[in-house]
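# Summary of the model geometry
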Amino acid sequence: NNKFFVGGNWKCNGTKDSITKLVSDLNNAKLEADVDVVVSPPFVYIDQVKNLLTDRIEISAQNSWVGKGGAFTGEISVEQLKDIGCKWVILGHSERRHVIGEDDQFIGKKAAYALSESVGVIACIGEKLEEREAGKTFDVCFKQLKAFADAVPSWENIVVAYEPVWAIGTGKVATPLQAQEVHAAVRDWLKTNVSADVASATRIIYGGSVNGGNCAELAKQEDIDGFLVGGASLKGPEFATIVNSVT
Ligand code: 13P
């Protein structure tokens with residue numbers, strides 16, 4: 001079994017005050033030892049979080065610039081993220097794909113650049129509702145996965161997050177079987193298209209309306225190696241429950 005990995009994606013939420021409270025709740029939470037725990041604050045609060053949060057929890061950014069920093073107004077470089085203590089970056093999140101308009105190639109380049117700077121990548125994939133209803137779930141996920149695979153030289157520092165778009169922020173969590181089916185297919189795709197070693201060693205985590213009540217059943221599934229949590233990660237005790245759902 002792969003080491004469980006639970007990430008909290010805070011998205012564009014929080015204030016200095018609310019984040020101080022959240023960090024203090026996380027510092028006081030009892031977390032199972034055998035789980036990698038990562039939180040992803042908005043850029044502007046990363047330094048605050050880094051200074052207050054226990055070293056038990058690592059920090060991720062929610063995005064990064066595609067190459068070396070310089071004259072790119074409004075962007076944040078991987079070098080800068082490393083400088084303030086980020087070990088990870090979330091790339092290909094559905095909100096960046098479908099709200100901001102990032103495409104597969106751009107996301108793949110970002111992943112390759114982050115890895116080249118030794119920053120780990122939480123690589124997000126997932127289908128929209130109409131794609132699922134049209135029977136295209138695997139096609140969509142494999143196409144997004146292939147763009148990562150084509151761009152990166154190694155999978156050592158990548159966690160794949162399967163986040164069906166219809167489950168994100170909707171309260172409509174995928175059933176354990178729906179999630180397991182896609183996770184198994186993703187692992188199989190990695191086996192065929194990358195290698196058997198990468199397929200078995202890569203953590204495949206689920207995201208989309210995960211909460212303290214539904215995490216335990218999902219965590220039991222063979223190919224679910226953790227979670228990427230949005231809304232419920234803004235509540236320290238509930239996030240701890242999700243971390244501790246490791247089986
Ligand atoms: P919710 O947990 O709020 O559905 O968000 C999931 C997500 O997008 C995590 O990256």
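Details of the structure are given in the entry above.
One structure accompanies this document, and this report is about it.

What counts, and where the lines are drawn
Residues numbered from 1 in each chain as written. Predicted model: local features only at pLDDT ≥ 70, side-chain atom pairs only at ≥ 80, totals over all residues. Heavy atoms only, no water. Helix = DSSP H or I, 4+ residues; strand = E, 2+ residues; numbered from the N terminus. Rg over C-alpha atoms; globule rule 2.2 N^0.38 Å. Buried < 20%, exposed > 50% of the residue type's maximum accessible area, 1.4 Å probe, protein only. Lys, Arg positive; Asp, Glu negative; His and termini not counted. Charge placed at Lys NZ, Arg CZ, Asp CG, Glu CD. Pairing = 2+ DSSP bridges. Right-handed = clockwise from strand over helix to strand, strands pointing away. Contact = heavy atoms within 4.5 Å. Near = heavy atom within 4 Å. Polar contact = N/O pair within 3.5 Å; in protein donor to acceptor, adjacent residues only side chain to side chain. Areas by Shrake-Rupley, 256 points an atom, 1.4 Å probe, with all protein chains shown as cover. Nonpolar A, V, L, I, M, F, W, Y, C, P; charged D, E, K, R; others polar.

Let's shift gears to the overall build of the chain. Along the chain, the regular secondary structure elements total 11 helices and eight strands. Compactness check: the chain gives a C-alpha radius of gyration of 17 Å against a globular reference of 18 Å for 247 residues, within 12% of the reference. On the principal axes, the C-alpha backbone points of the chain span a range of 45 × 45 × 35 Å. In the chain, buried positions account for 53% of the 247 residues. Side-chain charges of the chain comprise 25 positive and 32 negative groups, with the mean position of each set lying 2 Å from the other.

The element strand β2 (residues 35–40) is largely enclosed, with a buried count of five among its six residues. The pairing of strand β1 (residues 4–9) with β2 spans six bridges and is classified as parallel. Directly across from G7, in β2, lies its bridge partner V38. Between the parallel elements β1 and β2, the chain passes through helix α1 (residues 16–28) in a crossover that is right-handed.

One can find C141 in helix α7 (residues 137–151). When the C-alpha positions of C141 and I125 are compared, they lie 5.8 Å apart, and in sequence the two are 16 residues distant. With residues up to four places along the chain from it excluded, the contact list for C141 reads I125, G126, E127, Y162 and V182.

Looking now at the site of the ligand. Among the 13 residues in the neighbourhood of the ligand, the closest are listed as K11, H93, G169, S209 and G231. Within the backbone of S209, an N or O atom sits 2.8 Å from an oxygen atom of the ligand. Here an oxygen atom of the ligand sits 2.9 Å away from a polar atom, N or O, in the main chain of G230. The fraction of the free accessible surface of the ligand (310 Å²) that becomes covered by protein chains is 94%. Residue classes in the shell around the ligand are distributed as four nonpolar, seven polar and two charged.

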